[in-house]
Amino acid sequence: MRLVPLCLSLLCLLPAHIPASATPACADAALRLNELMAGPARDWDASGTFSSRDDEWVEVVNTGATPLALAGFILSDGDALPRYALSGTLAAGGHLLVTGGQSYEWERASGFPAFGLSLGNSGDTAMLWQVVGAETLLVDSYTYRSHEAAADRAVGRFPDATGAWVIFDALNPYAGSTLPAGNGCAPTPALVNVCDSTPVRRMPWGTMKTIYR
């Protein structure tokens, strides 16, 4: 889908709005969404204060075997407004964290409406785009539901970078039946998605007696 870009004093040209019709055209890039938190309830950006706007975060990972230049990659939520333009270089296997506070400051500096990452707590879509010439292509996206966006629950790929999306719910356990399920692990912003705890299968006492009788 060919788009009309808005010129900004950045390393790349960014569209003022990325229409939903652009989503079928996909870019083949090593950068992927890896973990996100839409409902923070504590100071995740280490600023010293809690902000429901600033402490939201999205993590991306370089799944390639070589360093990756990030100029031209854009984060948005489901409304497809640019929320943050990546820059610099990410090492092979490297993880990059973008917080709502960083997004807010970038929006202000770039002349966009400033809302931060604006990840909806009732469900939303995180989207990663790449500007390639006159095209803006979808690299990766993840649509989450409200139970994934509850307080201090992160949702991410497990195993790291390649696995299915699950809830990292050690700080706010999820006992519901709607998928994805929780894995009992803590969120890992800017780090490899790992789980140091062993999942525990809960069962009624009567079931246990039938197993061990």
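Let us look at the structure shown here.

Conventions used here
Residues numbered from 1 in each chain as written. Predicted model: local features only at pLDDT ≥ 70, side-chain atom pairs only at ≥ 80, totals over all residues. Heavy atoms only, no water. Core = buried A, V, L, I, M, F, W, Y, C linked by side-chain atoms within 4.5 Å. Buried < 20%, exposed > 50% of the residue type's maximum accessible area, 1.4 Å probe, protein only. Helix = DSSP H or I, 4+ residues; strand = E, 2+ residues; numbered from the N terminus. Contact = heavy atoms within 4.5 Å. Disulfide = S-S within 2.5 Å. Phe/Tyr/Trp six-rings, centres within 6.5 Å; stacked < 30°, edge-to-face > 60°. Lys NZ or Arg CZ within 6 Å of the ring centre and 35° of its normal.

**Concerning the nonpolar core**
In terms of nonpolar packing, the biggest core is built from 28 residues, with L31, L33, L36, F73, L75, L86 and L128 touching the most fellow members. Elements supplying a minimum of two residues to this core: strand 3 (31-37), strand 4 (57-62), strand 6 (73-76), strand 7 (82-85), strand 10 (123-132) and strand 11 (135-145). When sequence neighbours within four positions are dropped, the list of residues in contact with L36 reads W57, V58, A126, Y142, Y144, R153, A154, V155 and W165. Counting residues in each nonpolar core, the second largest holds seven residues, with W44, W57, A154 and F168 among its members.

**Let's talk about the state of the cysteines**
Put plainly, a disulfide is one covalent bond tying together the sulfur atoms of two cysteines. For the structure shown, the criterion picks out one disulfide. The disulfide bridge from C185 ends at C195, spanning 1.8 Å between sulfur atoms. In this structure, the disulfide formed by C185 and C195 twists by about -85° around the S-S bond and is classed as left-handed. Of this pair, C185 sits in the loop between strand 13 (164-168) and helix 2 (205-212) while C195 sits in the loop between strand 13 and helix 2; the two residues are ten residues apart in sequence, bridging distant segments of the chain. Note on C195: relative accessible area 24%, which makes it partly exposed.

**Description of the packing of aromatic side chains**
Scanning the entire structure with this criterion turns up five aromatic pairs. For the pair F158 and F168, a centre-to-centre distance of 6.1 Å together with 85° between the ring planes defines the contact as edge-to-face. One end of the pair, F158, is in strand 12 (residues 154-158); the other, F168, is in strand 13, and ten residues separate them in sequence. Under the relative-accessibility criterion, F158 is labelled partly exposed at 33%. Members of the aromatic cluster, connected to one another through ring pairs, are Y84, W106 and F112. Across the ring face of Y104, the terminal group of R53 is positioned such that the distance to the ring centre comes to 3.7 Å.

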